[in-house]
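Listed below, chain by chain, are the residues.
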Amino acid sequence: MSVRIGLPRGLLYYQYGTVWEKFLHELGAEVVISGDTTKATLDHGSVLDEVCLPVKVYFGHVCDLYKEVDYLFSPRLISVSARQYTCPKIIGMTDMLRSNFKKLPPIIDTNVNLRQNQYSLYQAIVSLGRTLGRGPIPSLYAWYSASKYQKQQRISYKDEPDQQRIGLIGHPYILNDRQISMNVINKLRKFGCVVETPEDVSCHQSTAAVKDWKRIFWSSSHHMAGAALVLMQRPRPVDGIIFITSFSCGPDTLIGELINRRAQSLNIPFMLLTIDEHTAEAGFITRLEAFTDMLSRRKKP
């Protein structure tokens, strides 16, 4: 009987979930992924204080999952690129889980710290494989096989010349979670907009864009800022920028202000949307409609 490993659908799942799932399957484990975020998920996570909404959502997914599995998979990604860190709350997520649950299954929280050691990822792969009774070579081969599936396929939408182009900037775990983001991508598309997100900009492009800009220590924020610059400064820039952040996210406070200043200098409209578990969808839609209507008026002679 194969080991059942739980994979919560939150936080870094939206960046690495595909490769994690394939990797664990290659090692012979049965992967159990929590369902889409619901109001009940938010209610479970709301018992936590002084943390952002995505962390509460992740906690809620663990609540839905932990009784059904033998292990929880929640690697501690400290740094995924040189001279940068991930979010402090993501780094400390497993400690938060252990302190708030009494009967958690064992957590696979292998450290990955590329800032400290460039071979940290491969050491983590070997260590994880050993946990599941596999040797170094099979573990590394499983990772190689899984990494080919890391890039998720994205739906291509026809871009008409007269359509509004919106740069929607935010963390993947906000934009791709339809409950947290209130399905903002589809809402904007229903308004007739072409939506471009940081996932549409390569890491190479975003890094080059911020090369002579402020030094950003958080890897996700670094990519979001670079992607926003790329979308605003290319030959056909976006018509407007919408920055979605979660209440109490410290790094986003800085990044949002930097993007706003650059947008103002380029005469590109900018809107900040801050969300938490109390955000009302009606008001959210009203702001989106007002912003897209304003963009339409700007194009009229």
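Just so you know, the residues in each chain are numbered from 1, in the order the chain's sequence is written. Whole-chain, interface and lining totals are the exception, using all residues; otherwise, since this is a predicted model, local features are given only for residues with pLDDT of at least 70 and side-chain atom pairs are given and counted only at 80 or more. By convention in this description, side-chain values take in all heavy atoms of the structure and omit both hydrogens and water.

Here we come to the overall build of the protein chain. Tallying secondary structure elements over the protein chain gives 13 helices and 10 strands in all. To get the radius of gyration, use the C-alpha atoms; to get the globule rule, take the number of residues to the power 0.38 and multiply by 2.2 Å. The C-alpha radius of gyration of the protein chain comes to 20 Å, within 12% of the 19 Å expected for a compact globule of 301 residues. In terms of overall dimensions, the protein chain has C-alpha extents of about 70 × 40 × 35 Å along its principal axes. Among the 301 residues that make up the protein chain, the fraction classed as buried is 50%. Within the protein chain, residue pairs in contact and separated by at least 24 positions form 72% of the contacts whose partners lie at least 6 positions apart. Method for areas: the Shrake-Rupley scheme with a 1.4 Å probe, in which residue coverage is limited to the protein chains shown. Accessible surface, the protein chain: about 15,500 Å² in total, of which carbon and sulfur atoms supply 51%. Residues scored as charged are limited to Lys and Arg (positive) and Asp and Glu (negative), so that His and the chain ends carry no count. Taken as the charge centre is NZ of Lys, CZ of Arg, CG of Asp or CD of Glu, depending on the residue. Measuring between centres, the 36 positive side-chain charges of the protein chain sit 5 Å from its 28 negative side-chain charges. Helix and strand definitions follow DSSP, with helices as H or I runs of at least four residues and strands as E runs of at least two, each counted in order from the N terminus. Buried residues are those whose accessible area, probed at 1.4 Å on protein chains only, stays under 20% of the maximum for their type, while exposed residues exceed 50% and partly exposed ones sit between those limits. By definition, residues are in contact when any of their heavy atoms lie within 4.5 Å.

Right, let's talk about a nonpolar patch on the surface for a bit. Two distance rules govern patches: like charges are joined within 9 Å, and nonpolar side chains (Val, Leu, Ile, Met, Phe, Trp, Tyr) within 5 Å, applied only to residues with over 30% relative accessible area and no salt bridge. In the sections that follow, a salt bridge refers to a side-chain nitrogen of Lys or Arg positioned within 4 Å of a carboxyl oxygen of Asp or Glu. Nonpolar side chains collect at one region of the surface, where Tyr119, Tyr122 and Leu140 lie side by side and expose about 320 Å² of accessible area between them. Of note, tyrosine 122 is situated in helix H6 (residues 120–131).

Pairing of aromatic side chains requires ring centres within 6.5 Å, counting the rings of Phe and Tyr and the six-membered ring of Trp. Pairs whose planes differ by under 30 degrees are stacked, by over 60 edge-to-face, and all others tilted. Across all of its chains, the model carries 7 aromatic pairs by this definition. A centroid spacing of 5.5 Å and a plane angle of 85° characterise the contact between tyrosine 13 and tyrosine 14, whose relative ring orientation is edge-to-face. Taking the relative accessible area as the measure of exposure, tyrosine 14 reaches 14% and is therefore buried. An angle of 35° between the planes, with centres 5.8 Å apart, marks the rings of tyrosine 16 and tryptophan 20 as tilted. Pair noted here: tyrosine 16 and tryptophan 20 are both in helix H1 (residues 13–26), with a separation of 4 residues, about one helical turn. By the burial criterion, tyrosine 16 is buried, and tryptophan 20 matches it. A connected cluster of aromatic rings, assembled from ring pairs, spans Tyr16, Trp20 and Phe73.

Let us now look at the domain arrangement of the protein chain. Taken domain by domain, the protein chain holds domain 1 (4–151) and domain 2 (164–299). Of the residues lining the interface, 23 residues belong to domain 1; the matching set on domain 2 comes to 20 residues. When domain 1 packs against domain 2, close to 1,900 Å² is buried across both sides, 56% of that on carbon and sulfur atoms. Put simply, buried area is the surface a 1.4 Å probe can reach on two separate parts but cannot reach once they are joined, added for both. In terms of surface lost to domain 2, no three residues of domain 1 exceed Tyr14, Leu53 and Gln84, which account for 31% of the buried area on that side. Taken together, the connections running from domain 1 to domain 2 amount to 2 salt bridges. Counting of polar contacts relies on pairs of N or O atoms within 3.5 Å, with two restrictions inside protein: one atom must be capable of donating a hydrogen and the other of accepting it, and residues adjacent in sequence are counted only when both atoms are side-chain atoms. Where domain 1 touches domain 2, the interface holds 6 residue pairs in polar contact (both at pLDDT 80 or more). Bear in mind that the domain bounds are from an automatic or database domain assignment.

A few words now on the pattern of salt bridges. Enumeration over the complete set of coordinates arrives at 13 salt bridges. Residue arginine 4 pairs with glutamate 30 through a salt bridge whose shortest N-O separation is 2.8 Å. Placement of the pair is arginine 4 in strand E1 (residues 4–7) and glutamate 30 in strand E2 (residues 30–33), with a sequence separation of 26 residues. Classification of arginine 4 as partly exposed rests on a relative accessible area of 22%. On the basis of relative accessibility, which here comes to 32%, the residue glutamate 30 falls in the partly exposed class. Ionic contacts of the salt-bridge type, sharing partners, join the residues Arg76, Asp95, Arg98 and Asp109 into one network.

By the element assignment, aspartate 43 lies in helix H2 (residues 39–45). Separated by 13 residues in sequence, aspartate 43 and lysine 56 place their C-alpha atoms 8.7 Å apart.

Let us look at the pairing of E2. Being paired, for any two strands, means DSSP has found at least two bridges between them. Bridge count between E1 and E2: 4 bridges; the pairing is parallel. Paired with glycine 6 across the strands is valine 32, a residue of E2.

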